[in-house]
Amino acid sequence: MALETNLNAPLQAELNTLIRKLDGLVDTARRERNRVLTEAAGPLRSAIAGRAPQSDKAHKRYSTPKISGKLRAPKGSGTVVATYKPGNLRKSVQTLRFRRSKAVFIGPRVQRSGGKMPDGYYAHMVNFGTVSQSPQRFVEAGVAAAGDTSLRLATELMKREILTYATQKGLK
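Worth saying up front: this structure is predicted, and the values here are computed from it rather than measured.

Definitions and cut-offs
Once a new chain begins, its residue numbering starts again from 1 and follows that chain's sequence as written. Residues qualify for local features only when their pLDDT is at least 70, as the model is predicted, and side-chain atom pairs are given and counted only at 80 or more; totals for whole chains, interfaces and linings, by contrast, use all residues. Each side-chain value is derived from all of the structure's non-hydrogen atoms; neither hydrogens nor water enter the calculation. Strands here mean DSSP runs of E at least two residues long; helices mean DSSP runs of H or I at least four residues long; both are numbered from the N terminus. Under the scheme applied here, a residue whose accessible area is under 20% of the maximum for its type counts as buried, over 50% as exposed, and between as partly exposed, the area being computed with a 1.4 Å probe on protein chains only. Both cavities and pockets are sets of points on a 1 Å grid over the protein atoms alone; in a cavity a 1.4 Å probe fits but cannot get out, in a pocket the set is open with protein on both sides within 12 Å along at least five of seven lines, and lining residues sit with an atom within 4 Å of a point. Grid points are joined across faces, edges and corners, and a volume is the space filled by probe spheres set on the points. Gly falls in the polar group here, along with every residue not listed as nonpolar (Ala, Val, Leu, Ile, Met, Phe, Trp, Tyr, Cys, Pro) or charged (Asp, Glu, Lys, Arg). In these notes, a set of buried Ala, Val, Leu, Ile, Met, Phe, Trp, Tyr and Cys residues joined through side-chain atoms within 4.5 Å is what counts as a nonpolar core. Whether two residues touch is decided by their heavy atoms; if any such pair falls within 4.5 Å, the residues are in contact. The axes are straight lines fitted to the C-alpha atoms, using for helices just the contacting stretch, and the angles between their N-to-C directions are given from 0 to 180°. For classification, angles of less than 35 degrees are called roughly parallel, those exceeding 145 degrees roughly antiparallel, those between 65 and 115 degrees roughly perpendicular, and all remaining angles oblique. Throughout, a crossing is termed right-handed when the near helix is turned clockwise from the far one, and left-handed when it is turned anticlockwise from it by less than a right angle. The criterion for strand pairing is that DSSP finds at least two bridges linking the strands in question. For this analysis, a salt bridge means a side-chain nitrogen from Lys or Arg found within 4 Å of a carboxyl oxygen belonging to Asp or Glu. Stacked, edge-to-face and tilted are the three classes for Phe, Tyr and Trp ring pairs, Trp counted by its six-membered ring, which pair at centre distances within 6.5 Å; planes under 30 degrees apart are stacked, over 60 edge-to-face, the rest tilted.

Novice: Let's hear about the side chain of Ser-92: which residues, and what values?
Specialist: For Ser-92, the location among the structural elements is in helix α4 (residues 88-92). Overall, the relative accessible area of 1% leaves Ser-92 in the buried class.

Structure follows, in structure tokens:
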């Protein structure tokens, strides 16, 4: 579980050491590591999702063709590509796993093309702000509130997994 802010560097270092130990011990270490990190990411995911702001009305995303070069088309000439209902950002915050990464990521799941899942493509605009909107920093607030808890939980679960394996194999 990689957190961008080092809230507790020694705890993060201990977790990384435990992950390396588990990878060295078990054939199924990758599966166990992913399960433990996904479980430990739960409190952080709910803290971030709980702090995501919710709009009062639905918003629409338009596909607006350019008239020529950098000139924008007149307002109202685009077609509606997506409608975002209030609460979509909160629902889109998920625990994400990527094939080539050993870490677990928490963030908005973005749809490639139409679908039923809430699409949080605009999360970075809400979190970091835009020209006309001030930043709301809900991700940082969630990490500050539950980051240490998730790291502590991941460390404990990883230790338990290593001890279970050592007991099964008669190493301890």
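Let's pick the thread back up.
Novice: Help me get a handle on the layout of surface pockets, residues and values and all.
Specialist: There is about 910 Å³ of room inside the largest pocket. Together, 30 residues line the largest pocket, and His-59, Lys-60, Tyr-121, Tyr-122 and Met-125 are the ones closest to its centre. Mapped by element, the contributors of at least two residues to the lining of the largest pocket are β1 (59-63), α4 and α5 (123-128). The leading source of residues in the lining of the largest pocket is β1, at four residues. Here the residues of the lining of the largest pocket are counted per class, giving 11 nonpolar, 13 polar and six charged.

Novice: Which residues make up the nonpolar core, and what are the values?
Specialist: Residues Leu-15, Ile-19, Leu-22, Leu-37, Ala-154, Met-158 and Ile-162 are the most contacted members of the largest nonpolar core, which totals 16 residues. Secondary structure elements with two or more residues in this core: α1 (9-25), α2 (29-40) and α6 (138-168). With near-sequence residues (within four places) excluded, Leu-22 lies in contact with Ala-29, Glu-32, Arg-33, Met-158, Glu-161 and Ile-162.

Novice: Help me get a handle on unusual backbone geometry, residues and values and all.
Specialist: Even without a glycine there, the phi angle at Arg-137 is positive, about 50°. If you trace the backbone, Arg-137 turns up in the loop between α5 and α6.

Novice: Which residues make up the packing of α2 against α6, and what values do they have?
Specialist: Viewed as axis vectors pointing N to C, α2 and α6 meet at an angle of 150°, and their least axial separation amounts to 8 Å. Here α2 lies roughly antiparallel to α6, going by the angle between them. Handedness of the α2/α6 crossing: right-handed. Contacts between α2 and α6 involve Glu-32, Arg-33, Arg-35, Val-36, Leu-37, Glu-39 and Ala-40 on the former and, on the latter, Ser-150, Leu-153, Ala-154, Leu-157, Met-158 and Glu-161. Taken together, the residues that form the contact of α2 with α6 break down as seven nonpolar, one polar and five charged.

Novice: Account for the pairing of strand β3 (residues 93-97), with residues named and values stated.
Specialist: Each regular strand shows side chains that alternate between the opposite faces of the sheet. Across five bridges, the pairing between β3 and strand β4 (residues 104-108) is antiparallel. When the bridges of β4 are listed, Gln-94 appears paired with Gly-107. If you look at the hairpin formed by β3 and β4, you'll find six residues sitting between the two strands.

Novice: Requested: an account of the pattern of salt bridges, with residues and values cited.
Specialist: Scanning all chains against the criterion turns up six salt bridges. Of the charged contacts, one joins Arg-35 and Glu-39 as a salt bridge, the two residues approaching to 3.4 Å between their closest N and O atoms. Here Glu-39 and Arg-35 lie together in helix α2, a separation of four residues that amounts to about one turn. Classification of Glu-39 as partly exposed rests on a relative accessible area of 43%. In this structure, Arg-35 engages Glu-161 in a salt bridge whose closest nitrogen and oxygen atoms are separated by 2.6 Å. Here Arg-35, found in helix α2, pairs with Glu-161, found in helix α6; they are 126 residues apart in sequence, far enough to count as distant. The exposure class of Glu-161 is buried, given its relative accessible area of 18%. Several salt bridges share partner residues, and in doing so they unite Glu-32, Arg-35, Glu-39 and Glu-161 into one network.

Novice: Quick rundown of the packing of aromatic side chains? Include the residues and the values.
Specialist: In this structure the tally under the stated criterion is four aromatic pairs. Judged by centre distance (5.2 Å) and plane angle (70°), the rings of Tyr-84 and Tyr-122 are edge-to-face. Of the two residues, Tyr-84 sits in strand β2 (residues 79-84) while Tyr-122 sits in the loop between β4 and α5, which places them 38 residues apart along the sequence. Note on accessibility: Tyr-84 and Tyr-122 belong to one class, buried. Ring geometry for Phe-98 and Phe-105: centres 5.4 Å apart, planes at 55°, overall tilted.

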